[in-house]
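# Close look at the chain arrangement
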Amino acid sequence: MTQSDALALFESDLFSLGQTADRIRRSQHEHKVFFNLNRHLNPTNVCADYCRFCGFSVHRKNPNPYTLSIEEAVAQARQAHDAGAKELHVVSAHNQEVGLAWYFDLFKAIKAACPDIHLKAMTAAEVEFLARTYDLSFDQVLDRMIESGVDSMPGGGAEIFDESIRHYLCKGKVSSADWLTIHEKWHARGRKSNATMLFGHVEDPIHRVDHLFRLAELQAKTGGFNAFIPLLYLTKNNFLTGIKPAGAEEILKTIALSRIVLEGIPHIKAYWAMLGINLALVAQHFGADDIDGTIQRESIASAAGAKSAAGLDQKSLIDLILNAGFVPVERDSLYNELKVYG
Ligand code: V47
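Residues numbered from 1 in each chain as written. Predicted model: local features only at pLDDT ≥ 70, side-chain atom pairs only at ≥ 80, totals over all residues. Heavy atoms only, no water.

Within the structure, the ligand sits among 23 residues, and Lys120, Gly157, Glu159, Leu234 and Lys269 are positioned closest to it. Between the ligand and Gly156, the relevant distance is 3.3 Å, taken from an oxygen atom to a main-chain nitrogen or oxygen of the residue. Considered on its own, the ligand offers 620 Å² of accessible surface; in the complex 96% of this is hidden by protein. Spatially, the ligand is embedded in the largest cavity. If you list the elements that add at least two residues to the shell around the ligand, you get β5 (193–199) and β6 (225–232). A breakdown of the residues in the shell around the ligand according to their chemical character gives 13 nonpolar, 6 polar and 4 charged. (Near = heavy atom within 4 Å. Polar contact = N/O pair within 3.5 Å; in protein donor to acceptor, adjacent residues only side chain to side chain. Areas by Shrake-Rupley, 256 points an atom, 1.4 Å probe, with all protein chains shown as cover. 1 Å grid on protein atoms, 1.4 Å probe; cavity = no way out; pocket = protein on both sides within 12 Å on 5 of 7 lines; lining within 4 Å. Sits in = over half its atoms within 2 Å of the grid points. Helix = DSSP H or I, 4+ residues; strand = E, 2+ residues; numbered from the N terminus. Nonpolar A, V, L, I, M, F, W, Y, C, P; charged D, E, K, R; others polar.)

Below, the structure is given as structure tokens:
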């Protein structure tokens, strides 16, 4: 498929696009909807970089800086673990005040306190920030992550790869080429990661197609991406004004196109914290097969206006998936099936 074919598909009607995506989804995953028992932990919102879309980092619209001590972060990890979380998704802002060691000591301390928890931590944007700030190579940062107990990498920081849009959105943050290089190097270490795309702001469909094709190319080379997560841009508390929020049709088409173009990435996640649980369930008919997890607590999407701060309990998540006519499958962080419900 060429980029023009993909663009033409995107312009076709929602239901034909959805049907094609659903065919691929069913051939890979039948009626399963994957979820996990996870907890998001965002240890600091103090950030040296500036992204127009971000409502989480501290700025004049969000004048509440916080940085957890290692002890506080470990206490939250323990609490999550005691409540059943099997994965901790740790994403911090780019904090120049805490020092390099804070990032790695945090992971070591969490792993020491909860050895069986899967640590999904450090976006490529954080890796690049630490390399840039402390004059390290990407390899050095990635090796220190592994030494400190990081198991896999989340997909954040990809935003939109098109360089002109990226320059407008988040000038100075990790470049698209570096984002891809960091994931390639991580995969070369035999580790898995996810990929994201922030959509529904100032980009056009052509930029989404370009983004998907760059990811497909890397996946063909490494096979290291587990899941792709199209992240719906949320409009609150940031400096990207005058954007008309994307509607359901646009969102579902983007998810469906992702499933079609990224046939080599096994899972497409409809992240309920940003989409809302109902649309995330509908998205399971349009190419998605994963919904993220219980989350328990979340700061990035909720800072931007999502109703996800408190998470969802396991039973509600399972019932919602069953009521939508799918088979809930609890998975681990690497998509091994742990329990099939119903
Ligand atoms: O990179 C920031 C996005 C991302 C806004 O790997 C916003 O499993 C919408 O990457 N509206 C971080 N999005 C979250 C992320 C993620 C989430 C869930 C699962 C996984 C995974 C990864 O959040 C950032 C940025 O693209 N973001 N501000 C906003 N206003």
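Let us look at the side chain of Thr123. With respect to the helices and strands, the residue Thr123 is situated in the loop between β4 (118–121) and α5 (124–134). In contact with Thr123, other than residues within four places in its own chain, are Val91, Met153, Pro154 and Gly156. (Contact = heavy atoms within 4.5 Å.)

A few words on the packing of aromatic side chains. All told, the structure shown has 9 aromatic pairs when counted by the stated rule. Ring centres of Phe161 and Trp179 lie 5.5 Å apart, and the angle between their planes is 55°; on these two criteria the pair is classed as tilted. Placement of the pair is Phe161 in the loop between α6 (138–147) and α7 (163–170) and Trp179 in helix α8 (residues 176–188), with a sequence separation of 18 residues. In this structure, Phe161 and Trp179 share a single accessibility class: buried. Geometrically, the ring pair formed by Trp179 and Phe225 is stacked, given 6.1 Å between the ring centres and 20° between the ring planes. Of the two residues, Trp179 sits in helix α8 while Phe225 sits in strand β6, which places them 46 residues apart along the sequence. The burial state of Trp179 is the same as that of Phe225; both residues are buried. Chaining the aromatic ring pairs together yields one cluster made of Trp102, Tyr103 and Phe129. Above the face of the Phe10 ring, Lys253 is positioned so that its terminal group lies 5.5 Å from the ring centre. (Phe/Tyr/Trp six-rings, centres within 6.5 Å; stacked < 30°, edge-to-face > 60°. Buried < 20%, exposed > 50% of the residue type's maximum accessible area, 1.4 Å probe, protein only. Lys NZ or Arg CZ within 6 Å of the ring centre and 35° of its normal.)

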